[in-house]
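If you want the building blocks of each chain, they are given just below.
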Amino acid sequence: MVSKNYYDVTKWDKGDPFQDIGEVINSILTDIKERQKKSDENEGGKPGAVIYIPPGDYHLKTQVIIDISFLKIEGSGHGFTSSSIRFNVPKNEWSNLHELWPGGSRILVDLPESEKGEAARAAFYVNRSGDPRISSVEFSNFCIDGLHFIADGSNETNPENTYTNGKTGIYGASPNDSFRITEMGFVYLEHAITLYHADALTIHDNFIAECGNCIELRGWGQASKVTDNLIGAGFKGYSIYAENFGGLLVTANNIFPRGASSVYFDGVTRSLITNNRLHAFYPGMVVLDKNSSENLISSNHFLHDNEPWAPLQGRDNGLDYTFGLLSINGNSNTVIGNHFSESINPNKISPKGAIPVIIRVVAGKENYISNNHIIATKAEVISSESCFSAQVEALLTTDSAESLEVKTVLIEKQSVGNTVLDSGSEKQVELDKKVNAFRATPIPNMGSMSN
Amino acid sequence: MVSKNYYDVTKWDKGDPFQDIGEVINSILTDIKERQKKSDENEGGKPGAVIYIPPGDYHLKTQVIIDISFLKIEGSGHGFTSSSIRFNVPKNEWSNLHELWPGGSRILVDLPESEKGEAARAAFYVNRSGDPRISSVEFSNFCIDGLHFIADGSNETNPENTYTNGKTGIYGASPNDSFRITEMGFVYLEHAITLYHADALTIHDNFIAECGNCIELRGWGQASKVTDNLIGAGFKGYSIYAENFGGLLVTANNIFPRGASSVYFDGVTRSLITNNRLHAFYPGMVVLDKNSSENLISSNHFLHDNEPWAPLQGRDNGLDYTFGLLSINGNSNTVIGNHFSESINPNKISPKGAIPVIIRVVAGKENYISNNHIIATKAEVISSESCFSAQVEALLTTDSAESLEVKTVLIEKQSVGNTVLDSGSEKQVELDKKVNAFRATPIPNMGSMSN
Amino acid sequence: MVSKNYYDVTKWDKGDPFQDIGEVINSILTDIKERQKKSDENEGGKPGAVIYIPPGDYHLKTQVIIDISFLKIEGSGHGFTSSSIRFNVPKNEWSNLHELWPGGSRILVDLPESEKGEAARAAFYVNRSGDPRISSVEFSNFCIDGLHFIADGSNETNPENTYTNGKTGIYGASPNDSFRITEMGFVYLEHAITLYHADALTIHDNFIAECGNCIELRGWGQASKVTDNLIGAGFKGYSIYAENFGGLLVTANNIFPRGASSVYFDGVTRSLITNNRLHAFYPGMVVLDKNSSENLISSNHFLHDNEPWAPLQGRDNGLDYTFGLLSINGNSNTVIGNHFSESINPNKISPKGAIPVIIRVVAGKENYISNNHIIATKAEVISSESCFSAQVEALLTTDSAESLEVKTVLIEKQSVGNTVLDSGSEKQVELDKKVNAFRATPIPNMGSMSN
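Keep in mind it's a predicted model, so treat the numbers as computed, not measured.

## A word on the overall build of chain A
Thought 1: For chain A, the count of helices and strands is three helices and 38 strands.
Thought 2: Whereas a compact globule of 451 residues would reach a radius of gyration of roughly 22 Å, chain A reaches 24 Å, a difference of no more than 12%.
Thought 3: Expressed as lengths along the three principal axes of its C-alpha atoms, the size of chain A is roughly 80 × 60 × 35 Å.
Thought 4: Nonlocal contacts in chain A, meaning residues at least 24 apart in sequence, comprise 64% of its contacts between residues at least 6 apart.
Thought 5: Approximately 13,000 Å² of chain A is accessible, and the part contributed by carbon and sulfur atoms is 48%.

Written out as structure tokens, the structure reads:
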């Protein structure tokens, strides 16, 4: 050990990290607190520590409880591999597989089922009352694996496809400042990251996939960033959710299916969803709900197509195609310069025969919707046992596709003072022109090329 | 030690890193230079080294002087916590606080006050003359803490609120190439990062706050990136400043108050300010000065509101509300797709009764200002002793706000050939239509919803 | 060694990493595979490992062959310095230079010339057949140096300027998932990174320059990100190339000269090129070829000027100035909110007297080109022996420049149903209005300021 503040879980003399890394880390935390008892007026005294997790399989049977600032937990490998694909390979083929499980510096979440609730079943539980808020806890470059999903009473025939197991990766309960979650892998957790009351949070460059829900910022919070992540929740959950948040920057993420939504804002203000790649199998990709206002949604690429992977076809998020790929309930938002690809099989449209809606203002005033380009085409539904090749095939299928009629923008009746510019033709945009402003995207002089 | 080129400051046999880490690192640098004397024609010979700083409190009484390439200095914790909040807690409550100071791998900058000037009071001073330019110096994941601000002759009653102490974190004097500053924490420094003559610089994913000035790129430079940082300077200083720079990419930053400006460009060309969250308490948030030209400012979210935290209310940057949230002195810039929220108390407007200006072209031709959405509302001033809750409360207050009259765009008289599209109504945009092009944002047919 | 899954190449008992790090790493890989033979149904068993490369000069004479998942190879220094500048310094001045070579944790690629082909001459060759795809291989913070370019039969007088040596940094042959390449340095390789069949790939925050080609994503792939890199290929090669890819996010990169292209897409769909700084010395900066469709190109800054550095003046990519800075062959793409600076010497235009084209749709329907701002000016050609100061001087020269006539948008005749809005005047945009939609950028009432 190079310093008393540098710990390696495999070198610590209490507990066996391979049997229960939770016990080991808690014991290390006790040691840190015993050594760093006082912060004096002139210098410091509580610098915290780093806990290193080398690559390996570490069962976690005891919840790690973090109540000190300046703690970094770091591994050497985010270790993601698709458990979802493997759990849908017939078991008699498993012996042919190179490996069965995620890897890297991997925590196997084995918390007892007797514990109930998101917080109690969290591998890492962060909570401290009093002042100051707990600060600068960092998680970096290790893997948190929930191992299995379980039967949940639904009609899923394969329990590993339920996205349900009551397990959480990281749960923050108390107000916190300057946390960092970077280069991590999360897989097969019902909730990957749940943080209440975050300030100046960084969630950057992680791989968070095949989790029921990926990122949930709850309670309230401000001035944070969720950037440059690969993210994809299960069909029932959130990829990114935020609640009563101000000044959240969601950018440069590649959010792939199959979340019930890609980004969901409840009462979020003055925040950005910019410059993301968003791909989903259901409507309601981005939802601004509960009076989310003064947000900027720009330079995103939205793709909605149908699930091509056989084992998960037939699931959905229950929303009709009239819900909108982008749905807004709030005021003074800016929606500009986004590309939307709606590439779906007409038979999948619900309710039957409905005209799909792309951007929908459910309620709100002074939203500014400008220069969005919407492409809607009819697609065959691909069905394949191979997840990767099916998705690539679907993605690359744009040629000679027939146009599909959509409402590019729908401003619902109770909404006034909104502005819609160059985001669709007269026919494609529906709004009350007496109380909203509209300029149609120009069409060729002949008028024959554009609907 | 795993290699002669891997150093741990706590294992080095000369000096005591806790007493003076500067002396220790300089001694290590001497060792590297003695061992790596020659670069031969066929192979290499001067690969540099890494110096590791485990979590701990390390006083720095001697300036570190870096004059070799390929040096990495790395810690295990950026260690930010708010010193500003704590210094505004009454001292008799300090004993109730969990901790008083920043932490992680923390450098306490204790340079003697006898040294004067930004360069002399820098914790890390980088300088090398001759060729080639010094290259690939990397700073990663440690904390540089200036400890205290001091009385500066102003009327600040709490000297810890002055943002003045003459201390610098990292200072680069000579032309440099391919430097990296990542995952660092900077706090309570008058200047966090000052670099002259940078080429291909990366300042990425840092936490730079409660510093007089955060990032200053001086002299001239090119082809660099300032990305994905959390940044917030003091009320007198720069959050991001660049001078005579070409090809600077400022993106994905969350720049919070209370800098005198968020981004300030002096003579900067062909650069980008895109996709940032910008929040400030004063006008002059983004300034393009001294003929800054051919820059792109797009997809940013600007929020200007009033300081809600009692201890720092009453400070400002001295600019009138007619200065512009975005002020441009230069040619051929592109300003497109930005959202502006001006949410202020009318009584705070200076000069009294003035109409605030959002985008202002002071002088310049052929600027292209298009599709910006400006929301201006009257706000109550919140005043709270709690910094976090006050800011969140202010951020979330958008409801039922009354409109505030603003000039969304003002093109000053000496400016010609500029184009303003869909960025405000006839009444909101002021320019000479004889020499500038204008298209008003459409308003509803009834004309009653929009001013 | 802190764990059996943590390896330090300088501590391994087989081979000498300074003589042949390839042999050492292959020996370590054998050890990992011998120890991690089985993945059992309940737990794991194959977590992989991390291999650490401290700063130093490591010759690689044997190719590293990676066929296991969850392998991280990590150094402590990306070690870039400009070899190109140094190889153009007269040899009699070399003894005055501080150092001659790149550094950090540096691999010197010394593979025998008897091996032929991109794959055989790759320092790191990744390949595994069967299922699952190889996953979570990570490369981080070391340098791969190809050392020298060689004479290639062209008329380059200095063989070090050919960008040819047959060497590759990282080559992935088989389908792969969740790979990470971060904080690396690549220099003087003919191909830095070549990956076939990538899924959920992260190429983030690297320095990839002075390579024949930088990033090549071949075969097909999906859902990946190339973000926040500093990139610059040689004059014959690709900076970023992708083929048959869906859902690729190319953002926040600073791509400097002198690649034959900055970003080249062949048959790429539903992908983004957003928010990048792009600088090139030749036309054809961004090319969407072979029916690349439904992509979003927004908020980028394009700069095309002439090579100012004497040793490399006279090279080009063979394209005429009528090719377009952005050239599109495909459907339904969105091009919005980009800034283009064309700053060239009229005498450099080819063919002589031609009018340069900025955005060109070679073939395609339903492309949406809106709110792009094009600045074209005549420039002197600077010629300097100093690369850095020449480039900075060129970058900063925007003042009092005379306008240059360009076609801001050209829609070729076979293209129909495209929309061009606010991206140039009637004179600057050429398209068949009968089959494409057009709205000219407004000009001042006087009509005298704009062409």
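## Let's talk about the interface of chain C and chain A
Thought 1: Opposite the 90 residues of chain C that make contact, chain A presents 76 residues.
Thought 2: Between chain C and chain A, a total of about 6,200 Å² is buried, with carbon and sulfur atoms accounting for 54% of that surface.
Thought 3: Broken down residue by residue, the surface that chain C buries against chain A is led by Glu41, Phe70 and Arg270 of chain C, which jointly contribute 11%.
Thought 4: Close ionic contact of arginine 439 of chain C with aspartate 422 of chain A constitutes a salt bridge, the shortest N to O distance being 2.7 Å.
Thought 5: At the boundary of chain C and chain A, one finds 39 residue pairs in polar contact (both at pLDDT 80 or more).
Thought 6: It is strand β20 (residues 221-227) of chain C that provides the largest number of residues to the side of chain C that touches chain A, a total of six residues.
Thought 7: Of the residues belonging to the side of chain C that touches chain A, the class tally is 24 nonpolar, 45 polar and 21 charged.

## Thoughts on the packing of aromatic side chains
Aromatic ring pairs are reported here in terms of the distance separating the ring centres and the angle at which the planes meet.
Residues and elements named next belong to chain A.
Thought 1: Scanning the model with the defined rule gives 60 aromatic pairs over all chains in all.
Thought 2: Aromatic pair tyrosine 241 and tyrosine 264: ring centres 6.1 Å apart, planes at 35 degrees, arrangement tilted. With tyrosine 241 in strand β20 (residues 238-243) and tyrosine 264 in strand β23 (residues 261-266), the pair connects residues that are 23 residues apart, well separated along the chain. Taken as a pair, tyrosine 241 and tyrosine 264 share a single burial class, namely buried.

## Comments concerning the domain arrangement of chain A
Where interface size is quoted, it is often the accessible area lost as the parts come together.
Residue and element names in this part refer to chain A.
Thought 1: As assigned here, chain A comprises domain 1 (1-90 + 98-170 + 180-187) and domain 2 (212-441).
Thought 2: Computed from C-alpha atoms alone, the centre-to-centre distance between domain 1 and domain 2 is 33 Å.
Thought 3: Carbon and sulfur atoms supply 51% of the area that domain 1 and domain 2 bury against each other, a total of about 860 Å² over both sides.
Thought 4: Across the pair lysine 236 and aspartate 152 runs a salt bridge whose closest N-O atoms are separated by 3.1 Å.
Thought 5: Classifying every residue of the side of domain 1 that touches domain 2 by side-chain character gives three nonpolar, five polar and two charged.

## Quick notes on the relation of the copies chain B and chain C
Thought 1: Placing chain B over chain C gives an RMSD of 0.0 Å and needs a rotation angle of 120 degrees, together with 0.0 Å of translation along the axis. Such a turn and shift between the copies fits a three-fold axis.
Thought 2: The two copies present different faces, since only 7% of the interface residues in chain B are matched by interface residues at the equivalent positions in chain C.

## Remarks on the environment of isoleucine 240 of chain B
All names here are of chain B.
Thought 1: One can find isoleucine 240 in strand β22 (residues 238-243).
Thought 2: By relative accessible area, which is 0% here, isoleucine 240 ends up buried.
Thought 3: A C-alpha to C-alpha distance of 8.4 Å links isoleucine 240 and phenylalanine 265, two positions 25 residues apart in sequence.
Thought 4: Look past the residues within four positions of isoleucine 240 in its chain and what remains in contact with it is Ile215, Val226, Ile231, Val250, Asn253, Ile255, Ser262, Val263 and Tyr264.

## What to know about the pattern of salt bridges
Thought 1: Scanning the entire structure with this criterion turns up 78 salt bridges over all chains.
Thought 2: Its salt-bridge partner being aspartate 67 of chain C, residue lysine 33 of chain C comes within 2.8 Å of it at the nearest N-O pair. Separated by 34 residues along the polypeptide, lysine 33 of chain C in helix α1 (residues 17-35) and aspartate 67 of chain C in the loop between β4 (64-66) and β5 (71-75) bring together distant segments of the chain.
Thought 3: Here aspartate 67 of chain C falls in the partly exposed class, since its relative accessible area comes to 27%.
Thought 4: Each member of the salt-bridge network shares a partner with another, and the members are Lys72, Glu74, Glu138, Arg180 and Lys225 of chain A together with Glu183, Asp205 and Asp228 of chain B.

## Section: α1 of chain C
Because an α-helix packs 3.6 residues into every turn, residues spaced three or four apart end up facing the same way.
Residue and element names in this part refer to chain C.
Thought 1: When the terminal C-alpha atoms of α1 are compared, their 22 Å separation across 19 residues is substantially less than the 27 Å that a helix rising 1.5 Å per residue should span.
Thought 2: If you look at α1, its biggest bend is around 45 degrees, right at glutamate 23.
Thought 3: Every buried residue belonging to α1 is among Pro17, Asp20, Ile21, Gly22, Val24, Ile25, Asn26, Ser27, Ile28, Leu29 and Ile32, and all of these are buried.
Thought 4: At the N-terminal end of α1, a side-chain oxygen is found 2.8 Å from the backbone nitrogen of phenylalanine 18, two or three residues along, and the residue is aspartate 16.

## Focus: the interface of chain B and chain C
Thought 1: Each partner contributes to the interface: chain B provides 90 residues, whereas chain C provides 76 residues.
Thought 2: Summed over both sides, the interface between chain B and chain C buries roughly 6,200 Å², with carbon and sulfur atoms accounting for 54% of that surface.
Thought 3: Viewed at the interface, chain C and chain B are joined by six salt bridges.
Thought 4: A salt bridge links arginine 180 of chain B to aspartate 205 of chain C; the shortest N-O distance between them is 2.9 Å.
Thought 5: Taken together, the connections running from chain B to chain C amount to 39 residue pairs in polar contact (both at pLDDT 80 or more).
Thought 6: The dominant element in the side of chain B that touches chain C, judged by the number of residues it contributes, is strand β20 (residues 221-227) of chain B, at six residues.

## A few points about the sheet that holds strand β14 (residues 185-187) of chain C
Residues and elements named next belong to chain C.
Thought 1: The eleven strands are arranged β3-β6-β10-β14-β18-β21-β24-β27-β30-β33-β36 in an open sheet whose pairing can be described as parallel. One side of each edge strand has no neighbouring strand; the edge strands of this open sheet are β3 (56-60) and β36 (373-378).
Thought 2: Alignment of strand β33 (residues 339-344) against β36, held across six bridges, turns out to be parallel. Note on β36: the bridge partner recorded for glutamate 342 is alanine 376.
Thought 3: In the packing of α1 onto the sheet, contacts are made with β3 and β6 (105-109), and the angle to β3 comes to roughly 55 degrees.

## Section: the pairing of strand β27 (residues 277-280) of chain C
Residues and elements named next belong to chain C.
Thought 1: Side chains Arg277 and His279 project from β27 onto one buried face, and the interleaved Leu278 and Ala280 project onto a second face that is buried too.
Thought 2: Direction of pairing for β27 relative to strand β30 (residues 301-305): parallel, over a ladder of four bridges. Its bridge partner lying in β30, alanine 280 is registered against histidine 304.

## Here's the deal with the confidence of the model for chain A
Residues and elements named next belong to chain A.
Thought 1: Taken over all residues, the pLDDT of chain A has a mean of 94, while the share at 70 or more is 98%.
Thought 2: This stretch, residues 447-451, has a pLDDT under 50; its non-local contacts, to residues over four places away or in other chains, come to nine contacts.
Thought 3: For this predicted complex, the interface score ipTM comes out at 0.97, while the overall pTM is 0.98.

## Quick word on the UniProt feature "domain: Periplasmic copper-binding protein NosD beta helix" (unreviewed entry) in chain A
Thought 1: According to UniProt, the positions carrying the feature "domain: Periplasmic copper-binding protein NosD beta helix" (unreviewed entry) are residues 146-341 of chain A.
Thought 2: Between the end C-alpha atoms of residues 146-341 of chain A the distance is 34 Å, and the span holds 0% helix and 51% strand.

## Focus: the sheet that holds strand β31 (residues 326-329) of chain B
All names here are of chain B.
Thought 1: Read across the open sheet, the twelve strands follow the order β4-β7-β11-β15-β19-β22-β25-β28-β31-β34-β37-β39; overall the sheet is parallel. Pairing within the sheet leaves two strands with one partner each, and these edge strands are β4 (64-66) and β39 (429-430).
Thought 2: Bridge analysis of β4 against strand β7 (residues 122-126) gives three bridges, and the strand direction is parallel. In the strand pairing of β7, valine 64 is matched with phenylalanine 124.
Thought 3: Strand contacts of helix α1 (residues 17-35): β4 and β7, with the helix running at about 30 degrees to β4, the strand carrying the most contacts.

Rules used throughout
Residues take numbers from 1 onward in each chain, read along the sequence in its written order. All chains are assigned letters beginning at A, and all ligands numbers beginning at 1, according to the order in which they are written. Local features in this predicted model are restricted to residues whose pLDDT is 70 or higher, and side-chain atom pairs enter the listing and the counts only when it is 80 or higher, whereas totals over whole chains, interfaces and linings include all residues. Only hydrogens and water are removed before side-chain values are computed, so all heavy atoms of the structure are retained for them. The helix and strand labels rest on DSSP assignments: H or I over at least four residues marks a helix, E over at least two residues marks a strand, and numbering proceeds from the N terminus. It is over C-alpha atoms that the radius of gyration is taken, and the globule rule equals 2.2 Å times the number of residues to the power 0.38. Contacts are assigned to residue pairs with any non-hydrogen atoms lying within 4.5 Å of each other. For the accessible areas, the method is Shrake-Rupley and the probe is 1.4 Å, while residue cover comes only from the protein chains on display. Note: buried area is the sum, over both parts, of the accessible area (probe 1.4 Å) each one loses when the two are combined. For this analysis, a salt bridge means a side-chain nitrogen from Lys or Arg found within 4 Å of a carboxyl oxygen belonging to Asp or Glu. Under this definition, polar contacts are N or O atom pairs within 3.5 Å; protein pairs additionally need one hydrogen-donor-capable and one acceptor-capable atom, and for neighbouring residues in sequence, both atoms have to be side-chain atoms. Gly is placed with the polar residues, together with every amino acid not listed as nonpolar (Ala, Val, Leu, Ile, Met, Phe, Trp, Tyr, Cys and Pro) or charged (Asp, Glu, Lys and Arg). Side-chain rings of Phe, Tyr and Trp (the six-membered ring for Trp) are treated as a pair once their centres are within 6.5 Å; stacked means planes under 30 degrees apart, edge-to-face means over 60, and tilted covers the remaining angles. Only protein chains enter the accessibility calculation, which uses a 1.4 Å probe; a residue is then buried when its area is under 20% of its type maximum, exposed when over 50%, and partly exposed in between. By convention here, the domain bounds are inherited from an automatic or database domain assignment. Superposition of the copies was done by least squares, using only C-alpha atoms of residues whose pLDDT is at least 70 in both. An expected span of 1.5 Å times one less than the residue number is assigned to each helix. Here the bend at a residue means the angle between the axes of two seven-residue stretches, the one that ends at it and the one that starts at it. Between any two strands, pairing holds if DSSP finds at least two bridges. Note on geometry: axes are lines fitted to C-alpha atoms, helical ones only across the stretch in contact, with angles between N-to-C directions running from 0 to 180 degrees. pLDDT expresses how confident the predictor is about each individual residue, on a scale running from 0 to 100. UniProt positions are given in the numbering used here, feature names are shortened, and annotations may be inferred rather than shown by experiment.

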